[in-house]
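Chain by chain, the residues run as shown.
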Amino acid sequence: MFSDYPGNALMRVSLNEIQTLIFKACISIGLPVGISQDASQTAGHVFSRHIGSIQPFADAIFQLDSNSSGPFDAPDAFNGIFRPITTSKALSSLYTTPTVCDQILVRNNNCNSHSSIALRNLDIPAVMIFGIMFITRYIGNDVCISWRIEQNTSINGLCSNGNLIFNRGSFEELYTITNKSVSLDVPNYNSALNHFNTDNVTSSETLDVDSSTWYLLSEYSERLLVPSSDTSRMTGAGAGTVDTD
Amino acid sequence: MSYPGNQVEIRPSTQVMRLEHLGATFQTRLSFMRRLIRRMHSDDWKISCDEFDLDNDGYGTAIYAVKTPNNIYSLICFSHYLDPQNRTDRVIAEHWDSTFTLFDGIPTRSDVKRLREQTTKQEEGRFESTDLVLSRANKSLRLFDHVVKSLARNQQPDPKILNSIGYLMRTTAVYANGKFGLADRGLYSSRPELTPPYQIEMLTVYLIREFSLDLVDHLAKCSTENRSAKLDRNLKRHLGMGNATGLGMAPFLVQHPILIHNWFEAKESALSMVRSLPEASADKIGVFNKLLARSYQHLSEWNIEDKRQKEKIQIMKTELSLLIDELSHNSQLLTILYPWDNLYKRVKSTWSVEGVELLVALLLEPYPEIVDKLGDSLDYQDNIIFDPKQTTQELLRVIEQQYMWALKINFDQPKESQYFWYYSQEKNEPRRGNRYSENGVENEMNITIARDIWGLWKTLISTNENIPLSHFLISHPDLRHICRRVQLLTGYAYAEIQDNIISEACKPIDILRGKLSFFGASKFDPKSDLWTRITLCQGAPLRDELSHQQADDWCFPITPAMP
């Protein structure tokens, strides 16, 4: 995990930098573009509310890149059960979160009942919960998605209106939990998806992140950079410029 | 008096959003620099040079303060010696004549000290949320030296030389919105003066222009112990800011589709409203005729080396000349019913694309009361979520209604995928490579909209199901981004460049021009298919002229007549 790396100095970064870095780092490890976009949006949401840390995202990227996590088994996913394709790997939260969020959003059907979503051996539960927190700001109407982390933990809470509320546990505890099963209780609801008012979202002036984690994520994003070649130098923009005119 | 209905439809995106069309656009009243100068005038902004601590060689620090009704901004300028061996406009440069930060408020000594250390490093520096924009500029040596030497001899520079270049300095990058730790746009976008797009960047460019004008006066004065002339005010006004722009700007248009839709829809709506006017008053006709003549002169003074653009300018001159001649012989031409619509239709079928777009810019000028308010809707912040309840058949219908342009491209032909776009290791900047002969294609940037639409459409057709996207994407996670794009852009007709930007036929410079025109750029000076030089705010009022009545009358600038 990234948290094992030495150095914990804080550095100030912008929201734009966080979103760009998470997106590129996800792309660099082979995640599809749409899923990388979702991770980036979620990171933007949690950071703009001063409640996030890039550590869970970095850990989830590391898990996928090191082949410790992988995608979900598709047939079970149709039934709201998300388990890793192979038992030797954990379930990737980065890969799975968008699909889980889709399933929450399609339960908007005005039936007066609840349903559950089960996630088995989820690598970094915090990433999943951040993703759910993000989409609840669009659902509105005070719809609450309850979540519970299982297997010898007592952390549970709910997401509603873009916020995360702990019934038991704290952010610090949540960040340390890995490879656990998570259950979600999703009410059916009936409301149009909000186009929320961005005026209510305040960007933060100071977003501090752990510098060692930041630089390690940067190394991932730098995998996307293409070195110059003779051809690119000869044909690229600006080639042949007279700079003394 | 009543008139037969003649609500002119806005021009379709199938015409407006083609690369050929984007590459022919001009600045208009809606352009961001025009809008900034209008606000400076209407809100009575005061700009002062609060510090000008430069030595006899022009090296040191200068600070310009901008007082708006509610906020103060400061441009902090650092002027340095630049070894001729390090002089390059390319983004890969590591040294520049001058570097700049636009600061939010009035900087303290320690702010200036910090920024001197960071600003001069540009992309290698780190910035705070008080720092809004980072930029740098190089002198145009030909003109800069000529101007300083002339002034030092107590003479004014040759207006012809001055016009042939049009600026003393050119910026090679203007960064904002969170880059390198700068303030995120969300921090200041609710301030009325900064809500429209790119106002903070345009303000920076305007202030750098002021610095460049003060710098030549200072150097001339230093070289001759106060016996020098000051640059004539009319000549100063005719000097804008140069800019060298390459591929870095192109992916932006693809990555901000709703913003782009807003820009182009506003412009097309404005044109439609003007063309729908049943008559034109003598005053409006007078404004049009004045600008028509001025734009002809402007074309005559648009001197560049690029052969293709030169030919286009020549054609436009012929077209404008014929129109000027016709209007002088036929005064009825603009006094008939629906004069502007008739004029537009008359030229549309016979003029070049660029000539028509020049006319469009001219048609909007006499009508600030119609056009300017449309500029209020140009901004957009992404606040829509993907709706996974939409079905595959619904999505298919949107594709077939809105993306026929993409479906007509045959991606089985290698030439349609000739190029790939990527981020270069040098400065992390977008570049374009040949897919079949260069390395790096595995890191292709995600801006291949036409190809992705084509792939999604083929998949949807072949699966032949009608299921919610939530189900479809479980089996096709790699199509998530393009499903989302189609869904979110439904109804945003002007959101997409309706051409294949990885095709052999694509000229990125057309994309650049489409965006730069909205900035307010003029005198496009293409250096290849990949990059161009331009001039910004040429003709714009100087900082002590912002309160003048005619502060907005500076488009299509021409060389001032000198006594």
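How each quantity is defined
- Residues numbered from 1 in each chain as written.
- Chains lettered and ligands numbered in written order.
- Predicted model: local features only at pLDDT ≥ 70, side-chain atom pairs only at ≥ 80, totals over all residues.
- Helix = DSSP H or I, 4+ residues; strand = E, 2+ residues; numbered from the N terminus.
- Rg over C-alpha atoms; globule rule 2.2 N^0.38 Å.
- Buried ≥ 20, exposed ≤ 12 C-beta atoms within 10 Å, placed from the backbone.
- Axes fitted to C-alpha atoms, helices over the stretch in contact; angles between N-to-C directions.
- Parallel < 35°, antiparallel > 145°, perpendicular 65-115°, else oblique.
- Left-handed = near helix turned anticlockwise from the far one by under 90°.
- Contact = placed C-beta atoms within 7 Å.
- Nonpolar A, V, L, I, M, F, W, Y, C, P; charged D, E, K, R; others polar.
- Expected span 1.5 Å × (residues − 1).
- Domains from an automatic or database assignment.
- Pairing = 2+ DSSP bridges.
- Core = buried A, V, L, I, M, F, W, Y, C linked by C-beta atoms within 7 Å.

1. Details of the overall build of chain B
Helix and strand counts for chain B stand at 21 helices and 11 strands. A globule of 563 residues ought to have a C-alpha radius of gyration of about 24 Å, and chain B, at 25 Å, matches this closely. In terms of principal-axis extent, the alpha carbons of chain B reach across some 85 × 60 × 45 Å. When the 563 residues of chain B are sorted by exposure, 49% land in the buried category.

2. Considering the packing of helix H16 (residues 392-402) of chain B against helix H18 (residues 449-463) of chain B
Residues and elements named next belong to chain B. Interhelical geometry of H16 versus H18 gives an angle of 135° and a closest axis separation of 10 Å. Considering their axes alone, H16 and H18 lie oblique with respect to each other. The element H16 and its partner H18 pack so that their crossing is left-handed. Contact with H16, carried on its side by Thr 392, Leu 395, Leu 396 and Ile 399, involves Ile 453, Leu 456, Trp 457 and Leu 460 of H18 and no other residues of that element. In terms of residue class, the contact of H16 with H18 is built from 7 nonpolar, 1 polar and no charged.

3. Regarding helix H21 (residues 508-519) of chain B
Residues and elements named next belong to chain B. Under the 1.5 Å per step criterion, the end-to-end length of H21 is 17 Å for 12 residues, consistent within 8% with the ideal 16 Å. For H21, a buried count of 11 out of 12 residues is recorded, marking the element as mostly surrounded by other parts of the structure. Within H21, the full set of buried residues consists of Pro 508, Ile 509, Asp 510, Ile 511, Leu 512, Arg 513, Gly 514, Leu 516, Ser 517, Phe 518 and Phe 519.

4. A look at the domain arrangement of chain B
How big an interface is tends to be expressed through the accessible area that disappears when the partners come together. Residue and element names in this part refer to chain B. Each domain of chain B was delimited in the assignment, giving domain 1 (13-26 + 257-379), domain 2 (32-245) and domain 3 (392-488). Computed from C-alpha atoms alone, the centre-to-centre distance between domain 1 and domain 2 is 32 Å. Taken together, the contact between domain 1 and domain 2 spans 6 residues of the former and 6 residues of the latter.

5. Structural notes on the sheet that holds strand S5 (residues 131-139) of chain B
Residue and element names in this part refer to chain B. Taking strand neighbours across the sheet as the criterion, the 9 strands line up as S1-S2-S3-S4-S5-S6-S7-S11-S10 in an open arrangement whose pairing is mixed. Each having just a single partner strand, strand S1 (46-54) and strand S10 (522-526) make up the two edges of the open sheet. Each strand of the sheet is rotated relative to its neighbour by a mean of 25°, with strand direction disregarded. Packed on one face of the sheet, helix H7 (residues 199-223) meets S1, strand S2 (60-67), strand S3 (72-79), strand S4 (98-104), S5, strand S6 (167-175), strand S7 (240-245) and strand S11 (532-536) and runs near 145° to S6.

6. Quick word on the sheet that holds strand S11 (residues 225-226) of chain A
Ordered by their spatial adjacency, 3 strands build an open sheet running S11(A)-S8(B)-S9(B), and the pairing between neighbours is mixed. For this open sheet the edge positions go to S11 of chain A together with strand S9 (430-434) of chain B, each flanked by a neighbour on one side alone. Where strand S8 (residues 419-424) of chain B lies against S9 of chain B, 5 bridges are found, and the strand directions are antiparallel. Paired with Tyr 422 of chain B across the strands is Arg 431 of chain B, a residue of S9 of chain B.

7. Remarks on the nonpolar core
Across soluble globular proteins, nonpolar side chains have a tendency to be buried as a group. In this structure, Leu 132, Leu 168, Leu 203, Val 216 and Ile 453 of chain B are the most contacted members of the largest nonpolar core, which totals 148 residues. Take this core: its biggest share by element is 13 residues, from H7 of chain B. Residues Leu 21, Ile 54, Phe 62 and Ala 126 of chain A belong to the second largest nonpolar core, which totals 67 residues.

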